[in-house]
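# Structural overview for review
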Amino acid sequence: MGYVAVRGGGKAIEESLKLLEYERVGASSAWGTDDIEGTFPELVDQVMGEASLYAPRLAALALKQAQGSPDEAVFLLRAFRSTLERPYVSRPVDTGAMRVARRVSAAFKDVPGGQVLGATRDYSHRLLAFDLETEGPEELAGKRAALARHFEEAAGDAPESPATLPRVLDYLRAEGLVAHVPADDAPPVDATMVPLAFPAPRSVRLQTLARGMTQAVEALGYAAIRGFGPAHPTVGELRQGRVAVAVDHPLEAGGSDDAYYLGSLPVTEVESVFEGEGEDGLALDIGYGCVIGRAETKAIAMSVLDHCLEHGDARYPTEDEEFVLYHVDGVEATGFISHLKLPHYVTFQSKLSSVRGTRGDAAPDDDQAADQAAIAALEAKEATDAAAL
């Protein structure tokens, strides 16, 4: 984390925090974390993904404390995450064994296992549902019961679906149409434990994009498609569901059958297809994205940027590794921009003095002396405040 708030003027700060809490308790209902988690599941997913911590209840709590600000909630959850121990590292997660709730392909109409639309807004009309404004507990319970009956009846008539679905692009790989990528079994670098350095390994790039600010990743992915990068993909497959997480015994690591199952995580995985070149001529390149929860647009944008960063053409800003990875981190961006609100009295007085000194109507000697005295006094005060910290 980059910039954080500094302390100074203790009494004023205490009163400011009390006023903030008064606004929170005076303008909101006594919602619990269950209410927030159930009403805003995708917002909770966004906070968890950007904080790199799967903890729905804590993400809902952070949103409540932050009064709905995703940036502040992510900051809170990352700060809490930094206090946690890491006793285990999980086995590699097999997304091919995902229990799929939604799976679509924009590349093929007929895919093995079929298109699974699942729950999505892709085909809905973007019209305000004014009836939700007066939706009460009884009406909500009635809708829930009616929909439960509907899906129970529909499930009775539907054929049994397979537990897992094959990857759509495996069939292209089998034909040798996908550009060959050498296997890399090097242990992944944990981007949360080491400073960002360049050139970054692909594991760091993917982690940084996955935990990046959702809107920043989407904006840069959009920029790449619009012309600030040579990337215009086709979504070969987008799959959403839950993947199993397991850890080895701490003393007797064995095979996958000996691992301990911890639970499952909801993820969205995307493989996007781009035109490229292989050893035998034209081939297909793959961009990859995988994020916590149902952040589908972010996962697609991540796959676009993954493809861009693999090429690394300096002519395009979205293929500049430093430009992309430094500027998608929401906590860094929010902290740096927010610090501009903090005192910059000394530096501004220095700028002001320089401007006055270069103008034809330069300040009189007594004004310049007053400026120098003010700068010295402010420097002394800042030194005293720093020592108090």
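Reference entry: report on the structure contained in this document.

Calculation notes
Residues numbered from 1 in each chain as written. Predicted model: local features only at pLDDT ≥ 70, side-chain atom pairs only at ≥ 80, totals over all residues. Heavy atoms only, no water. Helix = DSSP H or I, 4+ residues; strand = E, 2+ residues; numbered from the N terminus. Buried < 20%, exposed > 50% of the residue type's maximum accessible area, 1.4 Å probe, protein only. Contact = heavy atoms within 4.5 Å. Areas by Shrake-Rupley, 256 points an atom, 1.4 Å probe, with all protein chains shown as cover. Axes fitted to C-alpha atoms, helices over the stretch in contact; angles between N-to-C directions. Parallel < 35°, antiparallel > 145°, perpendicular 65-115°, else oblique. Left-handed = near helix turned anticlockwise from the far one by under 90°. Nonpolar A, V, L, I, M, F, W, Y, C, P; charged D, E, K, R; others polar. Patch = residues over 30% accessible without salt bridge, like charges linked within 9 Å, V, L, I, M, F, W, Y side chains within 5 Å. Salt bridge = Lys/Arg side-chain N within 4 Å of Asp/Glu carboxyl O. Core = buried A, V, L, I, M, F, W, Y, C linked by side-chain atoms within 4.5 Å. Phe/Tyr/Trp six-rings, centres within 6.5 Å; stacked < 30°, edge-to-face > 60°. Pairing = 2+ DSSP bridges.

## A closer look at the overall build of the protein
- Across its full length, the protein holds 14 helices and four strands.
- Across the 389 residues in the protein, those meeting the buried criterion constitute 30%.
- When contacts within the protein are restricted to residue pairs at least 6 apart in sequence, long-range pairs at least 24 apart make up 65% of them.
- For the protein, the accessible surface area stands at approximately 24800 Å², while carbon and sulfur atoms represent 57% of it.

## Digging into the packing of helix 4 (residues 56-65) against helix 5 (residues 70-81)
- Following both chains from N to C, one finds helix 4 and helix 5 inclined at 130 degrees, their axes separated by 8 Å at the closest point. Viewed along their axes, helix 4 and helix 5 adopt a mutual orientation that is oblique. Here helix 4 runs over helix 5; the crossing is right-handed. Of the residues in helix 5, those in contact with Leu58, Ala59, Ala62, Leu63 and Gln65 of helix 4 are Pro70, Ala73, Leu76, Leu77 and Phe80.
- A per-class count over the contact of helix 4 with helix 5 returns nine nonpolar, one polar and no charged.

## A word on a nonpolar patch on the surface
- A contiguous nonpolar surface patch, about 340 Å² in accessible area, is contributed by Leu19, Tyr22 and Val25.
- Looking at the element boundaries, valine 25 is found in helix 1 (residues 10-27).
- What makes valine 25 partly exposed here is its relative accessible area of 48%.

## Some points on the nonpolar core
- If you look at the biggest cluster of nonpolar residues, it comprises 23 residues, and the most contacted ones within it are Leu209, Val217, Met302, Leu305, Val324, Leu325 and Val328.
- Those elements giving two or more residues to this core turn out to be helix 8 (202-210), helix 9 (214-228), strand 2 (234-247), helix 10 (296-311) and helix 11 (321-327).
- Top contributing element to this core by residue count: helix 10, with five residues.
- Of all hydrophobic cores here, the second largest spans 17 residues; its members include Ile36, Val47, Ala60 and Ala73.

## Some remarks on the packing of aromatic side chains
- Here the structure, examined in full by the defined rule, presents three aromatic pairs.
- Seen from their ring centres, phenylalanine 108 and tyrosine 171 are 5.6 Å apart, and the 70 degrees between their planes marks the pair as edge-to-face. Separated by 63 residues along the polypeptide, phenylalanine 108 in the loop between strand 1 (99-104) and helix 6 (137-157) and tyrosine 171 in helix 7 (residues 170-174) bring together distant segments of the chain.

## Details of the pairing of strand 2
- Along strand 2, 11 of the 14 residues are buried, which leaves the element largely enclosed by surrounding structure.
- Judged from the five bridges that link them, strand 1 and strand 2 form a sheet pairing that is antiparallel. Its bridge partner being in strand 2, arginine 99 is matched across the sheet by arginine 242.

## Focus on the side chain of threonine 208
- Mapped onto the elements of the fold, threonine 208 is located in helix 8.
- Setting aside residues up to four positions removed in sequence, threonine 208 forms contacts with Ala191, Leu196, Leu325 and Val328.

## Re the environment of glycine 276
- Along the polypeptide, glycine 276 turns up in strand 3 (residues 260-278).
- The spatial distance from the C-alpha of glycine 276 to the C-alpha of alanine 179 is 7.4 Å, given a sequence separation of 97 residues.
- Residues contacting glycine 276, with those up to four places away along its chain left out, are Leu282, Ala283 and Asp285.

## A word on the packing of helix 3 (residues 41-51) against helix 5
- Where helix 3 meets helix 5, the axes come as close as 8 Å, and the angle between the chain directions of the two elements is 45 degrees. With respect to their mutual orientation, helix 3 and helix 5 come out oblique. As for how helix 3 packs across helix 5, the hand of that crossing is right-handed. Contact with helix 3, carried on its side by Leu43, Gln46, Val47, Met48, Glu50 and Ala51, involves Pro70, Ala73, Val74, Leu77, Arg78 and Arg81 of helix 5 and no other residues of that element.
- Looking at the contact of helix 3 with helix 5 residue by residue, the class counts come to eight nonpolar, one polar and three charged.

In short, shape yes, function no, at least from these values alone.
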